[in-house]
Amino acid sequence: MSLSKKRKVDTECRVFQEKWSSSYLFTEVNGKAVCLVCSQHVAVLKEYNLRRHYVSLHADKYDNFQGQRRREKVNELYLIANEIALAFSEGEFVKTCMMKASEIACPEKRQAFANISLTRNTVADRISDLSADLDSQLKQKVKSFIAFSVAIDEGTDITDVAQLAVFIRGVDDTLTVTEEFVDLVPMTDTTTAADIFTALVGALDRVGVDWSRAVSLATDGEPSMIGKKAGVVKKFRDKVQSANGGHDFWTFHCILHQEALCCKSLKMDKVMKVVIQTVNFIRSKSLNHRQFDSLLREKDHIYGLPYHTEVRWLSRGAVLRCFFDLREEIEQFMEEKGKPVLEFHCAEWMQDLAFMVDVTEHLNNLNKQLQGRNKVVTQYYDSIRSFKLKLLLWETQLTGGNAAHFPCLKNVCTTQSVADMKRFKDKIMGLLLEFEQRFQIFGELEKNFKVLCSPFTVNPSDLPVRIQFEIIDLQCDSDLKGKFAAAGLNTFYQNLLPGCPNLTALAAKLLCMFGTTYLCEQVFSVMSINKTKLRSRLTHKHLNHILNLAAAQDVTPDIDELVKTKRCQVSGVK
C-alpha cells in the first residue's frame, strides 16, 4: 500500500500580503502573522485564517475604523507604548486607569479607549519596535561623527548577572553634540579586563564606530578598568591609537567617583564609628525605631534618622546632618535605653562632628554640581578648580580661628569654653592635596580648556603652530567677539564653520568628552526599578529595549515611519 506524501505548509511559499494589514489588522513578524490588536500568532500565512481571527474577535470593534482613522489608531498605540516603556505589564494598568477616567471626563469616548490594546505582548512588541528604531537612528548618527568619546560602567542586576552599560557622546561636522545610550551588555561569566573589553568592542562595532575618531574613555576606576598593563583602558587606547596613527587619547576616572574618594582622605573614623553605631542601634530594631520616631513627633520633628550607605555618594552628609540636628533627642533616647553616648560630653569630639557635618555638606554641594546630563568637560574643570580655591580660603580662615563657612562648627565652638579650630587646617590641606593628585588630568588639558572657553584672551604664541593664525584672526573679529558673549560653546563654534578647521577640530574633541559615568549610574537605577525580585525573569533583550527608550536623549522614535512599515496604503484597498 502506497503512502501519500505528507503535506508541509512551510514549503508552499506562502507570503504575507500587505493588504492584510489594513483588512485584518495583522503584521508579519519572523515569518508569522501577528495580530496588531491582541498579539496572537497565526502560524500559516493564509488569508482565511487571518479573516477568521479578525471576524471572530475584533470585527465588532474595528469595522468602524477605516482609512485615515485606522492609521491614527495604530499611531496612538505606538505613542502609548513609548510612554509606558518602563515595564511591559503596566499597559493593562494604564488602560484600566484610562477607562475609569473616560467614564468621568468623556463617557461618549469610552469605546475609543476600550479599543486600544495594551496587553503585555502587544506592549512588548511595540517597545521592541521603538527600540529598534532608536538603534537604527543612532547608527546613522554615528556615521557622521568626526569625534566621539565613550563612558562605561559595570553593575549587577537582581539575578547577579554583571551588566556593562555603554554610552557614546559624539560630535558631527556641524559641531552638533549627540549623547546616547548604546547598549547594556550582559556578562554571564567572568568580568576580567579581557571580557569587558571584548563586550565593549562588540557594542561599539555593532553601531559602526570609526575607531580612528575616538577621543576619550571614561570608566568607574575599577582595577580591571584602569590596570596599566592589561586593563580595559590600556587595551582600548592601543586599539584606538593603532587606528589613528598614535594621536592623543585621553582617559577619565569618573570625576564623581574621584570626588567621593577624596572625602575618605579626611580620616575622621572616630566620628563616623560612633555615628554609625548609634544610628544602627536605633534603626536595626523595630521597637527602637518606633519609639525614637514617637519621641521626634512629640518634639515636632518631621523627619527621622536615615541609615548610612557607603556606596551612595550623598549618604554620609545626609546622615551626619540629621545626627547633628537631632543630637539632643538622640542623647536622651540612648540614655533611656541604657546606652549613653559619652562622646556627646566630649568637647573635642563634638567639634569634630560639627566639622564633618560642614565639610561633607560642602562636598555634597560639589557632587550635585558635577551630576547631570549634557555637560561639557570644562564645566567639571571649573567646578573642581572653584572648590580647590575654596579649600585654600578655608585653610587661611581656620588658621586664624575663623569658621565663617562652617556654621555647625561655629555654633559648637561658641557654646564651649575651649575651641581650637586650627587643628582642622591640616584636614583641609590634606583634602586639597587629595584633589590635586586625583585630578591631574585637568592640568594636562588646562591649555586646551582655555582655548575652548576663552579664545579671545589666550596668547597665540603659547599655542600649537597649526592654530596660531586662526586664533589671531578670531581675536581680531569684533562680530564674533560679540557672539561669543551671547552664545554657548556649541553654538559659538558652529559660527566658525567652515573656517578655522584646526580650532573647530579641537573644539569637537573637547565637546565630545565624558567627564563622569553619571549616565551609566542612571541606567543602573532604571534597571533596578524594572528588574526586581518580582520581575527577575525579564530577558536581557527586553531589558535592553526598556533601557534604550528610558535613556534616549537626542534621538526620539519615528512613530510615523514605524506605522508606515506595518501597513499598506489604505487608499489602495477597496
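Residues numbered from 1 in each chain as written. Predicted model: local features only at pLDDT ≥ 70, side-chain atom pairs only at ≥ 80, totals over all residues. Heavy atoms only, no water.

Visitor: It is not clear to me how the overall build of the protein chain should be interpreted in this structure. Could you clarify?
Guide: A tally of helices and strands in the protein chain yields 27 helices and eight strands. Burial statistics for the protein chain: of 574 residues in total, 47% are counted as buried. Accessible surface, the protein chain: about 29,100 Å² in total, of which carbon and sulfur atoms supply 51%. (Helix = DSSP H or I, 4+ residues; strand = E, 2+ residues; numbered from the N terminus. Buried < 20%, exposed > 50% of the residue type's maximum accessible area, 1.4 Å probe, protein only. Areas by Shrake-Rupley, 256 points an atom, 1.4 Å probe, with all protein chains shown as cover.)

Visitor: Hey, could you run me through the pattern of salt bridges in this one?
Guide: Side chains carrying opposite charge are able to pair once their charged atoms draw close together. Scanning all chains against the criterion turns up 17 salt bridges. A salt bridge links Asp157 to Lys531; its shortest N-O distance comes to 3.0 Å. Taken together, the positions of Asp157 in the loop between strand S4 (145-156) and strand S5 (162-172) and Lys531 in the loop between helix H25 (518-530) and helix H26 (540-551) put the pair 374 residues apart, joining distant regions of the chain. For the residue pair Asp157 and Lys531, the accessibility class agrees, reading buried in each case. Because the salt bridges share partners, they merge into one network encompassing Asp135, Lys139, Asp183 and Arg206. (Salt bridge = Lys/Arg side-chain N within 4 Å of Asp/Glu carboxyl O.)

Visitor: I'm lost on the pairing of S4 in this one. Help?
Guide: Every other side chain in a regular strand lies on the same face of the sheet, so the side chains alternate between the two faces. Within S4, nine of the twelve residues are buried, leaving the element largely enclosed by the surrounding structure. Two elements, S4 and S5, share eleven bridges in a ladder whose sense is antiparallel. Bridge pairing links Thr156 to Ala162 in S5. Between S4 and S5, which pair antiparallel one after the other, the connecting turn spans five residues, and Asp160 there sits at a positive phi close to 65°. Relative to strand S7 (residues 214-219), S4 is paired through four bridges, and the arrangement is parallel. Looking at the pairing, Ala151 lines up with Ala218 of S7. (Pairing = 2+ DSSP bridges.)

Visitor: Would you explain the packing of aromatic side chains in this entry?
Guide: The relative placement of two aromatic rings is captured by the distance of their centres and the angle of their planes. For the structure shown, the criterion picks out 20 aromatic pairs. Taking the centre distance of 5.4 Å and the plane angle of 70° together, the rings of Phe167 and Phe181 count as edge-to-face. On the criterion of sequence distance, the pair formed by Phe167 in strand S5 and Phe181 in strand S6 (residues 177-187) is long-range, its members being 14 residues apart. With respect to class, Phe167 is no different from Phe181; both count as buried. With 5.6 Å between their ring centres and 35° between their planes, Phe236 and Phe249 make a pair best called tilted. Placement of the pair is Phe236 in helix H10 (residues 232-244) and Phe249 in the loop between H10 and strand S8 (250-253), with a sequence separation of 13 residues. For Phe249, a relative accessible area of 6% gives the class buried. Of the aromatic side chains, those joined through ring pairs into one cluster are Phe355, Tyr381, Phe387, Trp394, Phe406, Phe424, Phe435, Phe439, Phe442 and Phe449. Across the ring face of Trp211, the terminal group of Lys239 is positioned such that the distance to the ring centre comes to 4.9 Å. Positioned over the ring face of Phe324 is Arg327, at 4.0 Å from the centre of the ring. (Phe/Tyr/Trp six-rings, centres within 6.5 Å; stacked < 30°, edge-to-face > 60°. Lys NZ or Arg CZ within 6 Å of the ring centre and 35° of its normal.)

Visitor: Could you clarify how one ought to interpret the environment of Asn244 in this entry?
Guide: For Asn244, the position within the fold is in helix H10. Here Asn244 is in contact with Ser212 and Ala214, once residues within four sequence places are set aside. Of the polar contacts made by the side chain of Asn244, one reaches the backbone nitrogen of Gly246; its length is 3.0 Å. (Contact = heavy atoms within 4.5 Å. Polar contact = N/O pair within 3.5 Å; in protein donor to acceptor, adjacent residues only side chain to side chain.)

Visitor: Would you take a moment to explain the pairing of S8 for this structure?
Guide: The alternating pattern of S8 places Trp250 and Phe252 on a buried face and Thr251 and His253 on a face that is not buried. Pairing geometry for S7 and S8, over four bridges, is parallel. In the strand pairing of S8, Ser216 is matched with Trp250.

Visitor: What's the story with the side chain of Gln163 in this structure? I'm lost.
Guide: Within the fold, Gln163 resides in strand S5. Residue Gln163 is classed as buried on the basis of its relative accessible area, which comes to 1%. For Gln163, the side chain forms a polar contact with the side chain of Asp157, separated by 3.0 Å.

Visitor: What am I meant to see in helix H18 (residues 407-414) here?
Guide: Helical geometry: 3.6 residues make up each α-helical turn, so side chains three or four residues apart lie on a common side. All buried positions along H18 are accounted for by Cys408, Leu409, Val412 and Cys413. Across the axial projection of H18, the buried residues extend over an arc of 130°, all falling on one side. Set apart from the buried face of H18 by more than 90 degrees, the exposed residues are Pro407 and Thr414. Looking at the buried positions of H18, the neighbouring elements they touch are helix H14 (315-325), helix H16 (347-370), helix H17 (377-399) and helix H19 (424-438). (Arc of directions from axis to C-beta.)

Visitor: Just checking my understanding: could you explain the nonpolar core for this structure?
Guide: Generally speaking, a soluble globular protein has its nonpolar side chains buried in company with each other. Membership of the largest hydrophobic core comes to 111 residues, with the highest contact counts inside it found for Leu353, Leu409, Phe435 and Phe442. When residues in this core are grouped by element, the largest group, eleven residues, is from H16. Counting residues in each nonpolar core, the second largest holds 32 residues, with Phe148, Ala162, Val182 and Ala199 among its members. (Core = buried A, V, L, I, M, F, W, Y, C linked by side-chain atoms within 4.5 Å.)

Visitor: What exactly am I supposed to notice about unusual backbone geometry here?
Guide: The general pattern is negative phi for most residues beyond glycine and trans for most peptide bonds. Going from Leu497 to Pro498, the amide bond is cis rather than trans, its omega being 0°. Residue position: Pro498 is located in the loop between helix H23 (489-494) and helix H24 (501-511). Of note in the backbone geometry, Cys500 takes a positive phi value of approximately 50° without being a glycine. Mapping Cys500 onto the fold places it in the loop between H23 and H24. Residue Cys500 is classed as buried on the basis of its relative accessible area, which comes to 19%.

Visitor: Can you help me understand the environment of Leu409 in this one?
Guide: Along the chain, Leu409 falls in helix H18. Judged by relative accessible area, which is 0%, Leu409 ranks as buried. The spacing of Leu409 and Phe355 is 54 residues in sequence and 5.3 Å in space, taken between C-alpha atoms. Among residues more than four places away in sequence, those in contact with Leu409 are Gln351, Ala354, Phe355, Asp358, Leu398, Ala403, Met421 and Phe424.

Visitor: Got a minute to help me understand the packing of helix H20 (residues 440-453) against H24 in this structure?
Guide: Between two packed helices, what matters for the description is the angle formed by their axes and the separation of those axes. Direction vectors running N to C along H20 and H24 enclose 110°, while the axes themselves pass 10 Å from each other. The angle between H20 and H24 falls in the class roughly perpendicular. For H20 against H24, the interelement crossing comes out left-handed. In this structure, H20 uses Asn448, Phe449, Val451 and Leu452 to contact H24, whose residues at the interface are Leu503, Leu506, Ala507 and Leu510. Here the residues of the contact of H20 with H24 sort into seven nonpolar, one polar and no charged. (Axes fitted to C-alpha atoms, helices over the stretch in contact; angles between N-to-C directions. Parallel < 35°, antiparallel > 145°, perpendicular 65-115°, else oblique. Left-handed = near helix turned anticlockwise from the far one by under 90°. Nonpolar A, V, L, I, M, F, W, Y, C, P; charged D, E, K, R; others polar.)

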